[in-house]
Amino acid sequence: MIQLGLLRGVNGHFFLDNVHVKERLAETPVIQLSIDPEEICISKTVKFSTTALVGSGITYRWDFGNLSLPRTATGVGPHNVRFSSSGIRNVNLRVMVLILMYPKQLLLYLQSTGSII
């Protein structure tokens, strides 16, 4: 913020020297996903969560895929999710910070007896 009081110049113009404007660039947030348990069996509850970012105007939108219950969720979690069939599943998290979107994807392989991430 710049506040100027008494202005003096030549012919109504004000001259300001030695001004340095420094712009603070937004840092890309690090989004970490956690899953518990790490070995997943179909029809068993899996907890998904992420670390909360500091600031206002931040939203979290999860998409666990068509064959999950629930399919979507909001917030950092934890969210309890069940998958109804085996196979490869994409879990997507979109973190919105004001107008910027930071996507994160987790690829899971589910078997009827369990899986390794």
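Scroll up for the structure.
Notes on the structure follow. This one's a predicted model, so the numbers in the text were calculated from it and none came from an experiment.

1. Considering the pairing of strand E7 (residues 87-97)
Link 1 in the chain: The pairing of strand E3 (residues 58-63) with E7 spans six bridges and is antiparallel. When the bridges of E7 are listed, Asp63 appears paired with Asn92.
Link 2 in the chain: Relative to strand E8 (residues 100-110), E7 runs antiparallel, the two being bridged by 11 bridges. Among the inter-strand pairings, Gly87 is bridged to a residue of E8, identified as Leu110.
Link 3 in the chain: If you look at the hairpin formed by E7 and E8, you'll find two residues sitting between the two strands, and Leu98 has a positive phi there, around 55°.

2. Notes on the pattern of salt bridges
Link 1 in the chain: For the coordinates displayed, the defined rule picks out one salt bridge.
Link 2 in the chain: Measuring nitrogen to oxygen at the nearest pair gives 3.4 Å for the salt bridge that ties Arg71 to Asp63.

Rules used throughout
Residues numbered from 1 in each chain as written. Predicted model: local features only at pLDDT ≥ 70, side-chain atom pairs only at ≥ 80, totals over all residues. Heavy atoms only, no water. Pairing = 2+ DSSP bridges. Helix = DSSP H or I, 4+ residues; strand = E, 2+ residues; numbered from the N terminus. Salt bridge = Lys/Arg side-chain N within 4 Å of Asp/Glu carboxyl O.

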